[in-house]
Amino acid sequence: MSWCYSLALPAQSRTDTLLENLLRREGSPALRHILQYPDSFRYQLIYTEIDRDVNNIPHFKNYYFHVDDSLYYNPASTVKLPIALLALEKLHTLDIPGLTGNTPMFTDSAWSGQVIAHTDSSAANGLPSIYHYIKKIFLISDNDAYNRLYEFIGQQAIHEKLWGKDYGKVRIVRRFMPLSEEENRHTNPIRFEANGKLVYEQPAAFDTLAFDYSRKVFIGHGYLDKDDKLIFSPMDFTRHNYFPLMALQRMLQAVLFPASVPVAQRFNLSPEDYRFLYQYMSQYPSETQWPKYDTAEYFNSYTKFFFFKDGKRNIPPYIRVFNKAGWSYGFLTDAAYIVDFEHKVEFMLTGNLYVNRDGILNDDKYEYEEDGYPFFREVGEIIYRYELQRKRKYVPDLQSFHIHYGE
């Protein structure tokens, strides 16, 4: 089977007056300044209103602000969401007795740049597994965990599965390691063993798909190369990962509310998988023993951009955020489902922002603290206040998202 998808899309910027007017009216001078310069800050926002009917079935309405699939942003760690979902789905597809998310997973090496992973000191038993990698992906956005699951699925299977679910614009062609395009196409041999016995063995793989890189993407005024030398030309993102914001929002909805999307667009997951995902998408680093994290570095709102990461704010006990965030090259992105159990409020927010005043990329000098996290906090607060006063015909029953957070 031959696959090839193009990113050469016409500009289709979408803005709804409700969201734009709300943010401009309620926003601080700092927020309004950012909103005044969409070309500089490259922001996109999707607010998803959720209303339940008499049977508690949710219905969704999206409001957009400057959303454009042709406007490139670096998705960073948000690509870990589909990788986690596809890893769980692959377990079901394999359907091998004794192969579960907890079965020890041993990654070997067969090509240049590949990393061997036979132990995991953050796991209770000292061994890596799919479940433990997924925990780390959602708790602190662990890069190594993503790399190992990327290899388990394989680059070609990633795209065949996502494109088959109508995520044809998504492109995930890079691990978070300094590898060439060729090295990223090669994925490792992997073994699963239990009690010293081989349960499943997967050979090394190579991706033969053709990707359309005809649409060139250059950002910034300059960048630091791998030798930290300043190059005075825009940075080339043409062959980087790509995850349009509307696809990210839809994927989050497909995970949290699978019945709300067509069957063909759902992931093949069990009820136990969904409970596992909901737990770790919303759990805090302080609530887990394995892995055990230094909460001074990995504070509870470490990956919760909307509302809370700005100033390391504490999250009220009656609010939970089910999300996946990412940050890299001055781009900040978060896709979140926010639940207030006390006030019976639920909504989704998906957004991204670019903060890089000097226009130099790969120098780790970005205005995340000064501009980025305050932007997400204030947008979240404005929408939350709006949701608190918004009239609903039926009060939502949110019990399905009440989770016991014991390890």
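A quick note: this is a predicted structure, and the numbers were derived from the prediction, not measured.

Enquirer: Can you lay out the side chain of Asn188 for me, pointing to particular residues and giving the numbers?
Expert: Here Asn188 lies in the loop between strand E4 (186-187) and strand E5 (190-194). A relative accessible area of 0% means that Asn188 is categorised as buried. In this structure the side chain of Asn188 is engaged in a polar contact, spanning 2.8 Å, whose partner is the backbone oxygen of Asp108. Engagement of the side chain of Asn188 in a polar contact is seen with the backbone oxygen of Val115, the distance being 3.3 Å. Apart from the residues within four sequence positions on either side, Asn188 is in contact with Thr107, Asp108, Ser109, Gln114, Val115, Glu151, Arg175, Gln202, Pro203 and Ala204.

Enquirer: Could you give an account of helix H6 (residues 143-153), naming the residues involved and the relevant values?
Expert: Of all 11 residues in H6, nine are buried; the element is thus mostly enclosed. Where H6 is concerned, the buried positions are Ala145, Tyr146, Asn147, Arg148, Leu149, Tyr150, Glu151, Phe152 and Ile153. Between the side-chain oxygen at the start of H6 and the backbone nitrogen of Asp144 there is a gap of 3.1 Å, and the oxygen is on Asp142. Where H6 ends, the next residue or the one after it, Gly154, has phi of about 95°, a positive value.

Enquirer: Can you break down the sheet that holds strand E3 (residues 105-107) residue by residue, with the values?
Expert: The three strands lie next to each other as E3-E5-E6, forming an open sheet whose pairing is antiparallel. Bordering the open sheet on either side are E3 and strand E6 (197-202), each of which pairs with just one other strand. On average, each strand axis in the sheet is tilted by 25° relative to the strand beside it, whichever way the strands run. Where E5 lies against E6, five bridges are found, and the strand directions are antiparallel. Bridge assignment links Arg191 to a residue of E6, and that residue is Glu201.

Enquirer: Tell me what's going on with the packing of helix H1 (residues 17-26) against helix H11 (residues 368-389), and back it up with residues and numbers.
Expert: Pairs of packed helices are described in terms of their axes, by the angle between the two and the distance that separates them. The interhelical angle for the contact between H1 and H11, taken along N-to-C directions, is 110°, at an axis separation of 10 Å. It follows that H1 is roughly perpendicular to H11 by the angle criterion. Residues Leu18, Leu19, Leu22, Leu23 and Glu26 of H1 pack against Glu378, Val379, Ile382, Ile383, Arg385 and Tyr386 of H11. Taken together, the residues of the contact of H1 with H11 sort by class into eight nonpolar, no polar and three charged.

Enquirer: I'd like to hear about the pairing of strand E12 (residues 319-328), residue by residue, with values.
Expert: Most of E12 sits inside the fold, with eight of its 10 residues counted as buried. The sheet contact formed by E12 and strand E13 (residues 331-340) spans 10 bridges and is antiparallel. What sits directly across from Lys324, in E13, is Ala335. Here E12 hands over to E13 after two residues, with Tyr329 in that stretch at a positive phi of 55°.

Enquirer: Tell me about H1, and please be specific about residues and values.
Expert: For H1, the full list of buried residues reads Leu19, Glu20, Leu22 and Leu23. Angularly, the buried residues of H1 cover 165° about the axis, an arc narrow enough to put them on a single face. Every exposed residue of H1 that faces more than 90 degrees away from the buried side is listed here: Thr17 and Arg25. For H1, the elements touching its buried residues are helix H2 (29-36), strand E1 (44-52), strand E2 (58-65) and H11.

Enquirer: Pulling in residues and values, what's your account of the packing of aromatic side chains?
Expert: Following the criterion strictly, the structure yields 39 aromatic pairs and no others. When the ring of Tyr47 is compared with that of Phe347, the centres are 6.5 Å apart and the planes differ by 75°; the resulting orientation is edge-to-face. Note that Tyr47 is positioned in strand E1 and Phe347 in strand E14 (residues 345-354), a separation of 300 residues in sequence. With respect to burial, Tyr47 and Phe347 carry one shared label: buried. Here the aromatic rings of Tyr337 and Phe401 are separated by 4.9 Å at their centres, their planes lie at 55°, and the arrangement is tilted. Of the two residues, Tyr337 sits in strand E13 while Phe401 sits in the segment after H11, which places them 64 residues apart along the sequence. Here Tyr337 matches Phe401 in class, with each residue buried. Members of the aromatic cluster, each reached through a chain of ring pairs, are Tyr293, Tyr298, Phe299, Tyr302, Phe305, Phe306, Trp327, Tyr366, Tyr368, Tyr373, Phe375 and Phe376. Over the ring of Phe152 we find Lys90; its NZ or CZ atom is 4.5 Å from the centre of that ring. Positioned above the aromatic ring of Tyr284 is the side chain of Arg320, whose terminal nitrogen or guanidinium carbon lies 4.2 Å from the ring centre.

Quick notes on the rules
Residues numbered from 1 in each chain as written. Predicted model: local features only at pLDDT ≥ 70, side-chain atom pairs only at ≥ 80, totals over all residues. Heavy atoms only, no water. Helix = DSSP H or I, 4+ residues; strand = E, 2+ residues; numbered from the N terminus. Buried < 20%, exposed > 50% of the residue type's maximum accessible area, 1.4 Å probe, protein only. Polar contact = N/O pair within 3.5 Å; in protein donor to acceptor, adjacent residues only side chain to side chain. Contact = heavy atoms within 4.5 Å. Pairing = 2+ DSSP bridges. Axes fitted to C-alpha atoms, helices over the stretch in contact; angles between N-to-C directions. Parallel < 35°, antiparallel > 145°, perpendicular 65-115°, else oblique. Nonpolar A, V, L, I, M, F, W, Y, C, P; charged D, E, K, R; others polar. Arc of directions from axis to C-beta. Phe/Tyr/Trp six-rings, centres within 6.5 Å; stacked < 30°, edge-to-face > 60°. Lys NZ or Arg CZ within 6 Å of the ring centre and 35° of its normal.

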